[in-house]
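Notes for the structure review
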Amino acid sequence: MAENPTLRVCALYGELMNIYADRGNLLLLERRCRWRGIGFELANATLGDRLDADAHDLYYIGGGQDADQRLCAADLVEHKAPALHAAAARGALVLGVCGGYQLLGHGYQLEDAWLPGAGLVDLETVRVEGPRLIGNVAIEVDLDDGPKRVLAGFENHAGRTRLGADEHPLGRVLRGHGNDGRSAAEGVRRGGVIGTYLHGPLLPKNAWFADWLIAAALDTGVAELGPLDDALEDAAHAAARRAAGIAER
Ligand code: GLN
């Protein structure tokens with residue numbers, strides 16, 4: 001790790017793409033950095049803002065209702081997508097949650113409109129009539145060919161996401177619906193580009209994953225970050241797992 005490391009995060013459309021307390025993901029990243037003496041910088045890029053491809057280590061876009069996504073989609077393509085592609089190519093992380101995840105792909109088909117996405121990953125989302133995919137969810141992930149870990153959270157989406165043939169899901173559904181309610185695939189991961197339907201918010205319920213993101217964004221290992229007292233975080237994770245019906249092994 002660099003001598004005085006600083007995690008530089010850019011939140012896209014923070015005031016629009018932020019439901020189910022998704023902003024808590026940013027707060028948790030900030031706290032876990034500060035508790036370790038790691039600097040934390042948070043920038044916001046909203047409608048009309050240009051995005052700097054070199055200025056941030058992690059680009060984040062939270063969940064949003066269809067109406068919010070309508071507002072953001074064209075702006076994302078016009079003002080942000082090229083920088084996101086360049087950032088991902090140089091190894092920066094991009095994390096999208098639910099509505100944000102859907103906009104990382106080619107686009108989101110609504111009944112009356114096609115919302116284009118950033119095209120960072122080969123996936124498409126279609127809003128279908130019929131039940132929304134709602135509930136507690138747990139997925140099994142294997143990030144670095146290490147031991148399999150569990151992410152637990154909550155999902156609520158009308159969109160069904162289909163991954164292209166060469167794309168890999170973030171995890172395998174243990175409980176819940178995931179990308180489409182059928183394939184057992186949840187989310188997407190291509191290198192540092194990660195998307196997931198898990199709200200909750202995601203990171204406070206899965207602090208281990210926050211540390212994985214921090215380490216990856218700072219180009220170091222999780223062990224180098226050093227341990228924290230995670231009694232509350234472990235309890236939050238255990239509660240989320242219990243809610244999904246996957247108790248700690
Ligand atoms: N509007 C999207 C859908 O319903 C995403 C919702 C969300 O972010 N929770 O599929």
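The structure this text deals with has already been given above.
Everything in this summary refers to the structure shown in the same document.

What counts and how
- Residues numbered from 1 in each chain as written.
- Predicted model: local features only at pLDDT ≥ 70, side-chain atom pairs only at ≥ 80, totals over all residues.
- Heavy atoms only, no water.
- Helix = DSSP H or I, 4+ residues; strand = E, 2+ residues; numbered from the N terminus.
- Polar contact = N/O pair within 3.5 Å; in protein donor to acceptor, adjacent residues only side chain to side chain.
- Contact = heavy atoms within 4.5 Å.
- Near = heavy atom within 4 Å.
- Areas by Shrake-Rupley, 256 points an atom, 1.4 Å probe, with all protein chains shown as cover.
- Nonpolar A, V, L, I, M, F, W, Y, C, P; charged D, E, K, R; others polar.
- Pairing = 2+ DSSP bridges.
- Buried < 20%, exposed > 50% of the residue type's maximum accessible area, 1.4 Å probe, protein only.
- Axes fitted to C-alpha atoms, helices over the stretch in contact; angles between N-to-C directions.

1. Description of the side chain of Asn179
Among the structural elements, Asn179 can be located in the loop between strand E11 (171-175) and strand E12 (185-186). Within polar-contact distance, the side chain of Asn179 engages the side chain of Tyr101 at 2.9 Å. Leave out the neighbours within four places in its chain, and Asn179 touches Tyr101, His157, Gly159, Arg160, Thr161, Leu163, Ala185, Glu186, Gly187 and Tyr197.

2. Focus on the site of the ligand
Around the ligand, a shell composed of 16 residues is seen, among which Asp66, Gln69, Cys98, Gly159 and His199 lie nearest. Measuring from an oxygen atom of the ligand, one finds a backbone N or O atom of Gly64 at 3.1 Å. Between Gln69 and the ligand, the recorded distance is 2.7 Å, taken from a side-chain N or O atom to a nitrogen atom. When the ligand is considered free in solution it has 300 Å² of accessible area, and contact with the protein chains removes 98% of it. Across the shell around the ligand, the residue classes tally to four nonpolar, 10 polar and two charged.

3. Let's talk about the sheet that holds strand E8 (residues 133-141)
On the basis of which strands lie adjacent, the open sheet formed by four strands has the order E9-E8-E11-E12 and antiparallel pairing. Each edge of the open sheet carries a strand with a single partner, namely strand E9 (149-157) and E12. Sheet topology note: the E8/E9 ladder contains nine bridges and is antiparallel. The residue bridging Ile139 from the neighbouring strand is Leu151, located in E9.

4. What to know about the pairing of strand E3 (residues 58-61)
Burial of E3 is two-sided: the residues Leu58 and Tyr60 facing one way and the residues Tyr59 and Ile61 facing the other way are all buried. Direction of pairing for strand E1 (residues 6-12) relative to E3: parallel, over a ladder of three bridges. Looking at E3, one finds that Cys10 is bridged to Tyr59. In terms of strand pairing, E3 meets strand E4 (residues 93-97) through four bridges, oriented parallel. Bridging across to E4, Tyr59 finds its partner in Val94.

5. Quick notes on the sheet that holds E3
Taken in spatial order, the six strands line up as E2-E1-E3-E4-E14-E13 in an open sheet, and their pairing is mixed. Each end of this open sheet is capped by a strand with a single partner; those strands are strand E2 (39-45) and strand E13 (188-190). Ignoring strand direction, the axes of neighbouring strands in this sheet form an average angle of 15°. Note that E4 and strand E14 (residues 193-196) share four bridges and pair parallel.

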